[in-house]
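Listed below, chain by chain, are the residues.
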Amino acid sequence: MGSGTGDRPRRVRIDRRQVRVLAHPLRTRLLGALRVKGPATASGLAELLDTNTGATSYHLRQLAEVGLVVEEPGRGTGRQRWWRAAHDVTNWENTDFDDDPDARAAIEWIQAEQVRQYVEYAERWFAVRDQWPPAWRDLFGTSDIFMTIPADRLAQLRAELWQVLERYRAEADPTEPGAEQVQIFLTALPMLIGGTR
C-alpha cells in the first residue's frame, strides 16, 4: 500500500463524509489500486480493474471531493488527469460513528468488504501456490492463536504489532532482488460461542 521509501505513511482518520463515500465496491478498489500501484489515469485504472473509464472517472471525482484521492501535480495533458491516493493508511475506530447510523452502516460494509477481499486473495493464492518457490510457499498463509486478556492489554498488543509492521514497511526496499508485494491482514475477534459472549 505504501511507497517503501522509509517515509512515515500518510494517514487519515476518516470522517463521516469520507466513510460514506468510501463504502462502494469500485471506490474501495480504486483507492486500493492507487495505494498499491501508484498514480494512474482513469483509463489506466479502468483497464486494471476491468471497468469502464466513465465510471472510473466519476468515482475518482467522488473520492477527490472528500480528500481521499488528489490529482498528481505536473502530470497529465489535456483531458488526461493523473490521480494518486492522498493517504497510505486509513484509520478509524469501530465506535467513531456510534451516533450516526448511516456512517456506522458504511463502516460495517467496508469491514465486510475487507473480509471478502481476504477470502478472494486467499483463493487466488491457493490456485497458484504450486507455481511459487518453496521459501515463499512456507511463508505465505494464515495462523491463529487464542488468549484471554483484558481490553487494555489487547490495545497494547495491537499497537505493538502495528509498530512492527510499520517498521518493516519503512525499511522495505522494493528494488531489492527477490522482493515481492505482500499484504498482511491483522485481525482480532472475540471467541463467540453460540453467537454470544
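Analysis parameters
- Residues numbered from 1 in each chain as written.
- Predicted model: local features only at pLDDT ≥ 70, side-chain atom pairs only at ≥ 80, totals over all residues.
- Heavy atoms only, no water.
- Helix = DSSP H or I, 4+ residues; strand = E, 2+ residues; numbered from the N terminus.
- Buried < 20%, exposed > 50% of the residue type's maximum accessible area, 1.4 Å probe, protein only.
- Contact = heavy atoms within 4.5 Å.
- Areas by Shrake-Rupley, 256 points an atom, 1.4 Å probe, with all protein chains shown as cover.
- Lys, Arg positive; Asp, Glu negative; His and termini not counted.
- Charge placed at Lys NZ, Arg CZ, Asp CG, Glu CD.
- Expected span 1.5 Å × (residues − 1).
- Polar contact = N/O pair within 3.5 Å; in protein donor to acceptor, adjacent residues only side chain to side chain.
- Salt bridge = Lys/Arg side-chain N within 4 Å of Asp/Glu carboxyl O.
- Core = buried A, V, L, I, M, F, W, Y, C linked by side-chain atoms within 4.5 Å.
- Patch = residues over 30% accessible without salt bridge, like charges linked within 9 Å, V, L, I, M, F, W, Y side chains within 5 Å.

Caption draft 1: A look at the overall build of the chain. Helix and strand content of the chain: seven helices and five strands. In sequence order, the secondary structure elements of the chain are arranged as β-α-α-β-α-α-β-β-β-α-α-α. Principal axes of the C-alpha set define a box for the chain whose edges measure 60 × 50 × 35 Å. The buried share of the chain, taken over its 197 residues, is 25%. The contacts of the chain with a sequence gap of at least 6 include a subset with a gap of at least 24, amounting to 67%. When the accessible surface of the chain is totalled, it reaches about 13900 Å², and 52% of it is carbon and sulfur. If you average the places of the 26 positive and of the 28 negative side-chain charges in the chain, the two averages end up 4 Å apart.

Caption draft 2: Spatial organisation of helix α5 (residues 101–128). Taking 1.5 Å per residue as the helical rise, α5 with its 28 residues ought to reach 40 Å, and the 41 Å between its terminal C-alpha atoms agrees with that figure. For α5, the N-terminal cap is Asp100; the gap from its side-chain oxygen to the backbone nitrogen of Asp102 is 3.2 Å.

Caption draft 3: Representation of the pattern of salt bridges. Taken as a whole, this structure holds 12 salt bridges when the rule is applied. For Arg13, the salt bridge goes to Asp96, with nearest N and O atoms at 2.8 Å. Of the two residues, Arg13 sits in strand β1 (residues 11–13) while Asp96 sits in the loop between β5 (89–91) and α5, which places them 83 residues apart along the sequence. One network of salt bridges, in which partners are shared, links Arg16, Arg20, Asp99 and Asp100.

Caption draft 4: Layout of the nonpolar core. Grouped together as the largest cluster of nonpolar side chains are 27 residues, with contacts concentrated most on Val19, Leu34 and Leu60. Sorting the residues of this core by element identifies α1 (16–22), α2 (25–37), α3 (42–49), α4 (53–65), β4 (82–85) and α5 as the ones contributing at least two each. The element contributing the most residues to this core is α2, with five residues. Residues in contact with Leu34, not counting those within four places in the same chain, are Pro39, Ala40, Leu45, Leu60, Val69, Trp83, Arg84 and Ala85.

Caption draft 5: Here's a closer look at a nonpolar patch on the surface. Together, Ile145, Met147, Ile149 and Leu154 make up an exposed nonpolar region whose accessible area comes to about 370 Å². Mapped onto the fold, Met147 is located in the loop between α6 (134–139) and α7 (151–171). Using a relative accessible area of 45% as the deciding quantity, one classes Met147 as partly exposed.

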